[in-house]
Amino acid sequence: MDNTLRKYKIDTPQYFLYKEMHEKQTLEYVNSKVEQYKKLNNKVMTIHEILYSMDNFIDPSDPDIDLPNSVHAYQTAEMIKDKYPDNYDLQICGLIHDIGKILFKFGEPNWSIVGDTFPVGCQFRKSIIYYDTFINNPDFNKYNSIFGIYKENCGIKNLKMSFGHDEYLYLVLQNNKHNLPERYQNIIRFHSFYSWHLENDYKYFMNEEDEELLKDIKHFNQFDLYSKSDKDFILTPDIINYYSDLLNNYFPCPIKL
Ligand code: FE
Ligand code: FE
């Protein structure tokens, strides 16, 4: 596989984005954002409108892509469809996994939308990208034990994760009507938790059911990450039509955001 992806250098735009994120994502901040967004009182949009809005968003945290996020969405879904033509759940998961980035429309700063996520309320781990930039986070000394506010084997789903497009989309999916099973919502929720699913840290928070989730996310990540190295991808009307029908089946009603 491609070894040139996810190379993070110092003093780049990515570095400054993560520095701000790592200084400002505290337990208190995360709690306040979840409270704010679980009200779902920002906008009502169809799934198609949400996906179109990704035409105007390029992820500034990503060193590997400078295409609109909607292209990344179709690319990920297409790579899944090539391998799993009958797994519509996984295709839809690939197509929508990043639409939580619609947070940019609600005035959220980039450091609260994109980038790798990590648990708050416990020690920040060296396995997190740009770890050194956590030093000025008010929680750095406050929760400086491995378990922090959690218990051993409490379950990954019980961690409070830094707030961004993953957690936000999970909140939206949990509180709207649609046909995407829980399994795929959990993939979406933790797809940017790289220090766990790629670096294999945080094992001590896992319970039995998390083994399956970890497998699912590692599997999904191949498509999310490696679809970016296909520089020849062309988005055709056929591709758009295929997913348009699929989206209508999965999201028949407008979505409260
Ligand atoms: Fe993402
Ligand atoms: Fe993605």
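Remember, it's a predicted structure, so these values are computed and weren't measured experimentally.

1. Let's talk about the coordination of the iron ion (ligand 2)
1) Next: On the protein side, the iron ion (ligand 2) has His72 (NE2), His97 (NE2), Asp98 (OD) and Asp224 (OD) as donor atoms, found 2.2 to 2.3 Å from it.
2) Next: Geometry at the iron ion (ligand 2) is irregular, judged from the 4 donor atoms that bind it and their angles of 79 to 165 degrees at the metal.
3) Next: Along the chain, the residues donating to the iron ion (ligand 2) are arranged with the sequence spacing H-x24-H-D-x125-D.
4) Next: Separating the iron ion (ligand 2) from the iron ion (ligand 1) is a gap of 3.6 Å, bridged by Asp98, which donates to each. With His97 in the loop between helix H5 (88–96) and helix H6 (139–142) and Asp224 in helix H10 (residues 210–226), this residue pair connects regions lying 127 residues apart in the sequence.
5) Next: Classification of His97 as buried rests on a relative accessible area of 0%.

2. Brief notes about the state of the cysteines
Cysteine pairs can be covalently joined through their sulfur atoms, and such a bond is termed a disulfide.
1) Next: Taken as a whole, this structure holds 0 disulfides when the rule is applied.
2) Next: Unpaired in terms of disulfides, Cys122 finds its nearest cysteine sulfur in Cys154, a separation of 8.7 Å.

3. Points about helix H2 (residues 27–37)
1) Next: If you check which residues of H2 are buried, you get Leu27, Tyr29, Val30, Lys33 and Tyr37. Buried positions in H2, seen along its axis, are confined to an arc of 160 degrees and lie on one side of it.
2) Next: Looking at the buried side of H2, the elements it contacts are helix H1 (13–24), H6 and helix H7 (165–174).

4. A few points about the coordination of the iron ion (ligand 1)
1) Next: At this site the iron ion (ligand 1) is bound by Asp98 (OD), His165 (NE2) and His191 (NE2), with donor distances of 2.0 to 2.2 Å.
2) Next: In the primary sequence, the donor residues of the iron ion (ligand 1) line up as D-x66-H-x25-H.

5. Notes on the pattern of salt bridges
1) Next: Here the structure, examined in full by the defined rule, presents 12 salt bridges.
2) Next: Taking the shortest distance from any N to any O, the salt bridge between Lys157 and Glu209 comes out at 2.7 Å. Remark: Glu209 occurs in the loop between helix H9 (194–197) and H10 and Lys157 occurs in the loop between H6 and H7; sequence separation between them is 52 residues.
3) Next: In this structure Lys157 comes out as partly exposed when scored by relative accessible area, which is 27%.
4) Next: Each of Asp59, Asp98 and Lys101 takes part in a single network of salt bridges with overlapping partners.

6. Looking at the nonpolar core
1) Next: Formed by 79 residues in total, the largest nonpolar core has its most connected members in Ile92, Leu95, Ile96, Tyr168, Trp196, Phe205 and Phe251.
2) Next: Once residues within four sequence positions are removed from consideration, Phe251 is found in contact with Ile47, Ile92, Ile96, Leu173 and His178.

7. Quick look at H5
1) Next: By the criterion of burial, H5 is predominantly enclosed, with 7 of the 9 residues buried.
2) Next: Within H5 the residues assigned to the buried category are Leu90, Gln91, Ile92, Cys93, Gly94, Leu95 and Ile96.
3) Next: Against helix H3 (47–53), helix H4 (69–83), H7, helix H8 (182–190), H10 and helix H11 (237–250) lie the buried residues of H5.
4) Next: At the N-terminal boundary of H5, the capping side chain belongs to Asn87, with an oxygen 3.4 Å from the backbone nitrogen of Asp89.

8. Notes on the packing of H4 against H11
1) Next: It is the contact of H4 with H11, at a shortest axis distance of 11 Å, that shows an interaxial angle of 80 degrees. When the axis of H4 is compared with that of H11, the two are roughly perpendicular. Counted together, Tyr74, Ala77, Glu78 and Lys81 of H4 and Ile239, Ile240, Tyr242 and Tyr243 of H11 form the full contact between these two elements.
2) Next: The residue inventory of the contact of H4 with H11, partitioned by class, reads 6 nonpolar, no polar and 2 charged.

Calculation criteria
The residue count restarts for each chain, going from 1 along the sequence in the order it is written. Labels follow written order: the first chain is A, the first ligand is 1, and so on. Only residues with pLDDT of 70 or above have their local features reported here, since the model is predicted, and side-chain atom pairs are shown and tallied only from 80 upward, although totals for entire chains, interfaces and linings are computed over all residues. Only hydrogens and water are set aside when side-chain values are computed; all heavy atoms of the structure are taken into account. Atoms are scored as donors when they are N, O or S and lie within 2.8 Å of the metal, with 3.2 Å used for Na, K and Ca; no water is included, so coordination may look incomplete. Think of it this way: with four donors and all angles in the 85 to 135 degree range, the site is tetrahedral; with four or six donors, opposite ones beyond 155 degrees and the rest between 65 and 115, it is square planar or octahedral; otherwise it is irregular. The helix and strand labels rest on DSSP assignments: H or I over at least four residues marks a helix, E over at least two residues marks a strand, and numbering proceeds from the N terminus. Throughout, exposure labels follow a simple rule: accessible area from a 1.4 Å probe, protein chains only, divided by the maximum for the residue type, with under 20% read as buried, over 50% as exposed, and the rest as partly exposed. In this description, the term disulfide denotes a pair of cysteine sulfurs within 2.5 Å. The directions considered for the arc run from the helix axis to the C-beta atoms. Two residues form a contact once any of their heavy atoms are found within 4.5 Å. Salt bridge criterion: a side-chain nitrogen from Lys or Arg within 4 Å of a carboxyl oxygen from Asp or Glu. Put simply, buried Ala, Val, Leu, Ile, Met, Phe, Trp, Tyr and Cys residues joined by side-chain atoms within 4.5 Å make one nonpolar core. The term polar contact refers here to a pair of N or O atoms within 3.5 Å; inside protein, the definition further demands a hydrogen-donor-capable atom paired with an acceptor-capable atom, and it admits residues adjacent in sequence only when both atoms are side-chain atoms. For helices, the fitted line uses only the C-alpha atoms of the stretch in contact; every axis is such a line through C-alpha atoms, and the angle between N-to-C directions lies from 0 to 180 degrees. Angles are sorted into four bins: roughly parallel if under 35 degrees, roughly antiparallel if over 145, roughly perpendicular if 65 to 115, and oblique for all others. Each residue receives one of three labels: charged for Asp, Glu, Lys and Arg, nonpolar for Ala, Val, Leu, Ile, Met, Phe, Trp, Tyr, Cys and Pro, and polar for the others, Gly being one of them.

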